[in-house]
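Letter by letter, the chains look like this.
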Amino acid sequence: QAVLARCPLQAAIPHPPAAAPGRVATSAMGMKYLGAYLMAVIGGKESPTAADIKEILEAGGIDFEQEMIDRVIARMDGKQAHELIK
């Protein structure tokens, strides 16, 4: 947890809105979106799109919310993943 707090990529992790009944609101939920983004980068996409993230999550059979994908894209806009990882 302390390591993540110092990581520049932490700011790119989307935080879900307040928990709805039956839903857990934690930053861990946002990790799947950032993880898919980084997988796209490793796969050769310099600036992954929402469609790239969606494709990766769907391939893994992972449920997702379009709003959360859009948050990752917005927060990473103009940034390079390799510059944020130190």
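Up top is the structure.
So, here is what we can say about the structure in this document. All of these numbers come straight from a predicted model, not from anything done at the bench. (Residues numbered from 1 in each chain as written. Predicted model: local features only at pLDDT ≥ 70, side-chain atom pairs only at ≥ 80, totals over all residues. Heavy atoms only, no water.)

Quick word on the overall build of the protein
This is how it is decided: In this description a helix means any DSSP run of H or I spanning at least four residues, a strand means any run of E spanning at least two, and both kinds are numbered starting from the N terminus. When a residue's accessible area, from a 1.4 Å probe over protein chains only, is under 20% of the maximum for its type it is buried; when over 50% it is exposed; and in between it is partly exposed. Only heavy atoms enter the contact rule, under which two residues are in contact if any of them lie within 4.5 Å.
Counting its secondary structure elements, the protein contains 5 helices and 0 strands. The linear arrangement of helices and strands in the protein, starting from the amino end, is α-α-α-α-α. Counting every position in the protein, which comprises 86 residues, the buried fraction comes to 26%. Expressed as a percentage of contacts within the protein between residues at least 6 apart in sequence, the contacts between residues at least 24 apart total 52%.

Brief notes about the nonpolar core
Across soluble globular proteins, nonpolar side chains have a tendency to be buried as a group. To be explicit about the condition: Buried residues of nine kinds, namely Ala, Val, Leu, Ile, Met, Phe, Trp, Tyr and Cys, make up a nonpolar core once their side-chain atoms join them within 4.5 Å.
In terms of nonpolar packing, the biggest core is built from 11 residues, these being Tyr 33, Ala 36, Tyr 37, Ile 53, Leu 57, Met 68, Ile 69, Val 72, Met 76, Ala 81 and Leu 84. Among the elements that line this core, the one with the most residues is helix α4 (residues 66-76), at 4 residues.

Regarding the environment of Arg 71
Relative to the assigned elements, Arg 71 resides in helix α4. Sequence-wise, Arg 71 and Gly 30 are 41 residues apart; in three dimensions their C-alpha atoms are separated by 9.7 Å.

A word on the packing of helix α3 (residues 50-59) against α4
Keep this limit in mind: Axes here refer to lines fitted to C-alpha atoms; in helices the fit is confined to the stretch in contact. Angles between the N-to-C directions go from 0 to 180 degrees. Any angle that is under 35 degrees is reported as roughly parallel, and any over 145 degrees as roughly antiparallel; angles of 65 to 115 degrees are reported as roughly perpendicular and all others as oblique. Handedness of a helix crossing follows the sense of rotation of the near helix relative to the far helix, less than a right angle counterclockwise being left-handed and clockwise being right-handed. Ten residues, namely Ala, Val, Leu, Ile, Met, Phe, Trp, Tyr, Cys and Pro, are considered nonpolar, four, namely Asp, Glu, Lys and Arg, are considered charged, and the remaining ones, Gly among them, are considered polar.
Across the interface, α3 lies against α4 with an axial gap of 9 Å and an inter-helix angle of 130°. Taken together, α3 and α4 sit at an angle that is classed as oblique. Here α3 and α4 pass one another in a crossing that is right-handed. On α4, the residues touching Ala 50, Ile 53, Lys 54 and Leu 57 of α3 are Gln 66, Ile 69, Asp 70, Val 72 and Ile 73. Across the contact of α3 with α4, the residue classes break down as 6 nonpolar, 1 polar and 2 charged.

Topic: the side chain of Gln 80
As for its position among the elements, Gln 80 is in the loop between α4 and α5 (81-84). In contact with Gln 80, other than residues within four places in its own chain, are Glu 46 and Ser 47.

The quantities given are spatial measurements derived from coordinates; they are silent on function.
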